Every structure is written in C-alpha cells, then in structure tokens.
Amino acid sequence: MFTITLVTNPAMILEPVLVRSLRDAMGGGDALWLDPNCAAEFEVGSLPGNLPQIRDSLDAEGVDLVAQPSAGRRKRLLLADMDSTMIRQECIDELAAAAGIGAQVAAITARAMNGELDFEAALTERVALLRGLPETTIAEVLATRITMMPGGATLVATMRAHGAHAALVSGGFTAFTEAVAARLGFHEHRANTLLVEGGTLTGTVAHPILGREAKVAALEDLTTRLGLTDADVLAIGDGANDLGMLQRAGLGVAVHAKPVVQAQAAHAINHGDLTALLYAQGYTKAEFVTP
C-alpha cells in the first residue's frame, strides 16, 4: 500500500472537494484529515503512472503531494541542512553583506546551490572574500540577520518526542550550526570551521570541507551508530550539495528548493512549512510538540 499526503501552507485551506476528487480518481481509501484545514491523506493500492503530472497540477494550486509506501513512514533519524532549510538565510551571504560584499558572494552562492559550480571551490572562493572580517561579526549576524524557518522547532521537537535522533548537517559553518542546533533542539550538528587569527577571519576554512559527499558520509555514520538503515531516515535540504543524502534517505525531501534539486529529489515541499514533514510521516496536528 501507498499513502498520498496532501498539504498546503498553514495560512491556506485544503479544499475537501479536491481531496475527495483526487482520492476517487486514484481509487483510494477513506481520507484521514491530519489537520482540518491544511493536511489530509489516503491510501492507494498502487501509484498512478501520471503521478508527476498530478503533482505539478496540485503544485500550481498551492498544494504539496507526497506519495510513499505506507509502511515505515515515521522516521527515526532527521538529517537536516541548515541554510535556507532550517533557517531562512544563507549564513555566508549574511556575513558578506555585513562586510559590504553581499551581492558578489550571493551570486556565487546561488550558482553553487543550483549545481553550476563545484561546492568546495565555490566555498573556498567565498570564504577568501571574508578575510579580515572581525570574528565578532558572526555573533552580530546571528543576533540580527538569522531567522528560523516556520515549523522547524516543532518538527524537531515532535520527532524527538517520538524517539527520533536529530542532526543538523550543513555546508555552512559551525559558528552558526552550534547556535541554530541549540535553538531548535537538534542532538548534534556538523559543519565547516571558519579559521580565525587575532580576532579576525583568515579567509580560509578547515579541511576537509563538508560538502555533498560528507553529508552522505554523515548519513552512513549516523545510521551505523544508531543501528538504523537508510529507510529510517528523513533527509531535508534545498541545494545541490544535499542531493546525495536526499537520494539515499528513505524519505528525502527538497524543501522550498532550487529547481535542479526539485527535479532530482523524489519528494518536494514547495508550499507547506516544515510541519509538512510531520504530516508526510502521518502525524496529526494534535500530536505536534511545541517547544
């Protein structure tokens, strides 16, 4: 059996007539409303061959569709990217903006996240432009420029309450992942380390650089350590360097992602906030844990 989950942004309404018509067209079972306003699911015996077209049609109406095997939907490991996934910003772009070179660095970031540039080379180039920036700028950016993605804290708290392990795995910097992981309730975090001398950034980052392959390695390391399999993992991200872990995870979701990532990931959330990932696992709104 397969489960079809339909989710809208919490500010919208998921129309019952849409759910009924889609269920009837797919020959599905009774619809279960996970949230009376914005999330519902139903089971089907098989997935239709035109599922991509159905997904595109719903996307145009502001509705996300996740189709997956019904068994084992509740995942035991959350592996999450940070920049533009758990937070709204790209940390390196915010540091660059504080240094007065925001547009130059942001352009490189956009190309790297779209898969147009080698991630490691692009990161090295951008970090070099930050040479001489006071280390205190990091704390200033965290305090004034970094905001959490809606639903992120609830996603982590709810999965943790049901026994899942949560790891933040970023191609960004430990100076940010440490603070974000603590704020959102992650068990652990992994990222790159900005090197500092005399209170200023050196324009270099410690090696090895954590990029696409390192995120896959983190998935392998954590599943081995926790006695899990790939099928037990929910991986989420938005950039090209996330594709490796998204494609390995039992449920890999491109979240408000770049087009190249959406095209290659099995699942995408474009409209719902991060609680959509709880609905995709079959949680009802009544089960959400608000930290």
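First, a word on scope: everything that follows refers to the structure included in this document. What you see as residue numbers is a count from 1 along each chain, following the sequence as written. pLDDT decides what is reported in this predicted model: residues at 70 or higher carry local features, side-chain atom pairs at 80 or more are listed and counted, and totals for whole chains, interfaces and linings draw on all residues regardless. To obtain the side-chain values, all non-hydrogen atoms of the structure were used and water was disregarded.

## Topic: the sheet that holds strand β1 (residues 2-8)
And step 1. A pair of strands counts as paired when DSSP detects no fewer than two bridges linking them. Each helix corresponds to a stretch of at least 4 residues labelled H or I by DSSP, and each strand to a stretch of at least 2 residues labelled E; elements are numbered beginning at the N terminus. Judged by pairing direction, the sheet is antiparallel, and its four strands sit side by side in the order β2-β3-β1-β4 without closing on themselves. Among the strands making up the open sheet, the edge pair consists of β2 (32-35) and β4 (63-69). Averaged over all pairs of adjacent strands, the angle between their axes in this sheet comes to 25 degrees, without regard to strand direction.
And step 2. With seven bridges joining them, β1 and β4 adopt antiparallel strand pairing. Counterpart to threonine 5 in the pairing with β4 is valine 66.
And step 3. Whether two residues are in contact is decided by their heavy atoms: any pair within 4.5 Å suffices. Fitted lines through C-alpha atoms serve as axes, helices being fitted only where they are in contact, and the angles separating the N-to-C directions of these axes extend from 0 to 180 degrees. Docked against the sheet, helix α1 (residues 16-26) engages β1, β2, β3 (39-44) and β4, running at close to 10 degrees with respect to β3.
And step 4. On top of the sheet, helix α2 (residues 51-60) reaches β1 and β4; it is set at about 150 degrees to β4, its chief contact.

## Brief notes about unusual backbone geometry
And step 1. Residues histidine 207 and proline 208 are joined by a peptide bond in cis, for which omega reads 0 degrees.
And step 2. Looking at where proline 208 falls in the secondary structure, it is placed in the loop between β9 (200-205) and α9 (212-226).
And step 3. Despite not being glycine, serine 84 shows a phi value in the positive range, around 60 degrees.
And step 4. Checked against the element boundaries, serine 84 lands in the loop between β5 (77-80) and α3 (91-98).
And step 5. Looking at serine 84, the relative accessible area reads 13%, which means it is buried.
And step 6. Its identity as a non-glycine residue notwithstanding, histidine 256 has a phi of 45 degrees, on the positive side.
And step 7. Tracing the backbone through its elements, the reader meets histidine 256 in the loop between β11 (251-255) and α11 (259-264). Only protein chains enter the accessibility calculation, which uses a 1.4 Å probe; a residue is then buried when its area is under 20% of its type maximum, exposed when over 50%, and partly exposed in between.

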